[in-house]
Amino acid sequence: MPPGRRAAPRARPGAAAREASGLELLERFRRAEFPATLYVEGPSEPLKAALLAALRHAWARACPESPLAHVFRAAESGVEAVLAVWQGGSLFSPRELVLVLEVEDLGRSEKRVAALAAGLAHPAGASTLVLVESEADAPRKSLEPLRAACAERWVALPPQRLDLVQWGVRRLALEGIEPEPGVVEAVGDGCEGDALTFFNELDKLCVAATGGRLTRAAAAALTPPVLGADLPAYLGAVAEGRPAVAARKLSRLLATGVGEGAVLFALANLVGGALGGWARHRELSATLGRRCGGSELARALDAVYRAEAAWKGGRADPVAALEQATRAVCGAR
């Protein structure tokens, strides 16, 4: 902690979790104020990623003695290991930042949920533990003990344009950058409200800034954002079962020159990963697997293979075949 700076008051774990706003958390991170425990949930994965990135950046700046976060995945790590890092401490590293991703995997075991919830009631030192729950169609009741045990809770809802602009201003402030009026708003307009594209553009703006100032000219000189023109964005829309969004992202993806074959292979890999096979985008395959049952996934994969066969056999236009396969996987339940 910087000399002369007092630690912020911490909410007591075990009481009802305090509802926090994302913008409030960003401002507190800028002041090097970190909650003892934070539960992160909600449907906007880009917003969650942006908050975690801001947290890690602020932590590294405020805690040079332990700048790197300890990242766990709930399915791969024991409760004891997580608590040992969070509650532990040493002369050289008195506080740690601990992130637990895909915490919903703990919900399969009531004992593990209860053990972690009990551990959250006993913080040690100034360490911070963040539990991150993946998107879900409905609240996972099995995780309620963890939500209640955390000192604070944040729900990442899909942001509107004004929300993105406010996030952009706070993120730049966290980096010590002051933009000229209208810069962040122009980026928000160019991204058409697409959160993933917007946060990617913010990274470019941070690099373009000079001496803590970001001018309109420097921002305008950057390559214009290509909306949804990345494969994970398309696959994410498919995994979430959003056919209209997936169709738009597919069209933009193909417009950038990505081959139909590469997209079709990625789509098959997405479904195959949800069925338990190797997955290039593991988290997206997990999202699809949570939405669909095994029989539905098998039928979706069959539809992808049929589309590929029709295309290669000359019985269908490649784009039409890809669109058909996209609709088939999006419609799986």
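What you see is a predicted model; the values in this text were computed from it and never measured.

The rules behind the values
- Position numbers for residues count from 1 along each chain, tracking the sequence in the order it is written.
- Only residues with pLDDT of at least 70 get local features here, since the model is predicted, and only at 80 or more are side-chain atom pairs given and counted; chain-wide, interface and lining totals rely on the full set of residues.
- Derived side-chain values reflect all non-hydrogen atoms in the structure, with water molecules and hydrogen atoms excluded from consideration.
- The numbering of helices and of strands both runs from the N terminus, where a helix is a DSSP run of H or I of at least 4 residues and a strand a run of E of at least 2.
- The span one expects for a helix is its residue count, reduced by one, times 1.5 Å.
- Burial classification: accessible surface area is computed with a 1.4 Å probe over protein chains only, and a residue below 20% of its type maximum counts as buried, one above 50% as exposed, and the rest as partly exposed.
- Taking the helix axis as origin, the arc is that swept by the directions to the C-beta atoms.
- N or O atoms closer than or at 3.5 Å make up a polar contact, with two conditions inside protein: a donor-capable atom paired with an acceptor-capable one, and, for residues adjacent in sequence, both atoms drawn from side chains.
- A pairing counts as a salt bridge when a side-chain nitrogen of Lys or Arg comes within 4 Å of a carboxyl oxygen of Asp or Glu.
- Here a Phe, Tyr or Trp ring, Trp counted by its six-membered ring, pairs with any other such ring whose centre lies within 6.5 Å, and the pair is stacked when the planes are under 30 degrees apart, edge-to-face when over 60, and tilted otherwise.
- Here, a charge over a ring is recorded when the distance from Lys NZ or Arg CZ to the ring centre is within 6 Å and its angle to the ring normal is within 35 degrees.

Moving on, we get to helix α15 (residues 318–330). With 13 residues, α15 ought to run about 18 Å at 1.5 Å a step, and its terminal C-alpha atoms sit 18 Å apart, in line with that. Where α15 is concerned, the buried positions are A321, L322, A325, T326, V329 and C330. Around the axis of α15, the buried residues are gathered within 165° of arc, so they sit on the same side. Facing away from the buried side of α15, by more than 90 degrees, are the exposed residues Q324 and R327. Where α15 begins, the capping side chain belongs to D317, and its oxygen is found 2.9 Å from the backbone nitrogen of V319.

With that settled, consider the environment of T197. Structurally, the position occupied by T197 is in helix α8 (residues 195–208). For T197 and D230, which are 33 residues apart along the polypeptide, the C-alpha to C-alpha distance reads 9.2 Å.

The next thing to look at is the pattern of salt bridges. One pass over the full model with this rule turns up 27 salt bridges. The salt bridge partner of R171 is E175, with a shortest N-O separation of 3.5 Å. Looking at R171, the relative accessible area reads 18%, which means it is buried. Accessibility expressed as a relative area gives 28% for E175, which makes it partly exposed. Measuring nitrogen to oxygen at the nearest pair gives 3.5 Å for the salt bridge that ties E178 to R213. Placement of E178 in strand β7 (residues 178–179) and of R213 in strand β8 (residues 213–214) is noted, with a sequence separation of 35 residues between them. Connected through salt bridges with shared partners, the residues E19, E41, E133, R140, E144, R147 and R153 form a single ionic network.

Time to look at the packing of aromatic side chains. Inspection of the entire model under this criterion finds five aromatic pairs. An angle of 75° between the planes, with centres 5.7 Å apart, marks the rings of F198 and F199 as edge-to-face. Across this residue pair, the class does not change: F198 and F199 are buried. Through pairs of rings, three or more aromatic residues link up here, namely W154, W167, F198 and F199. Above the face of the W59 ring, R95 is positioned so that its terminal group lies 5.6 Å from the ring centre.

For helix α10 (residues 231–239), the buried fraction is high: seven of the nine residues fall into the buried class. Every buried residue of α10 is listed here: A233, Y234, L235, G236, A237, V238 and A239. Just downstream of α10, G241 is the residue with a positive phi angle, here 75°.

As far as function goes, none of this settles anything; it's purely spatial.
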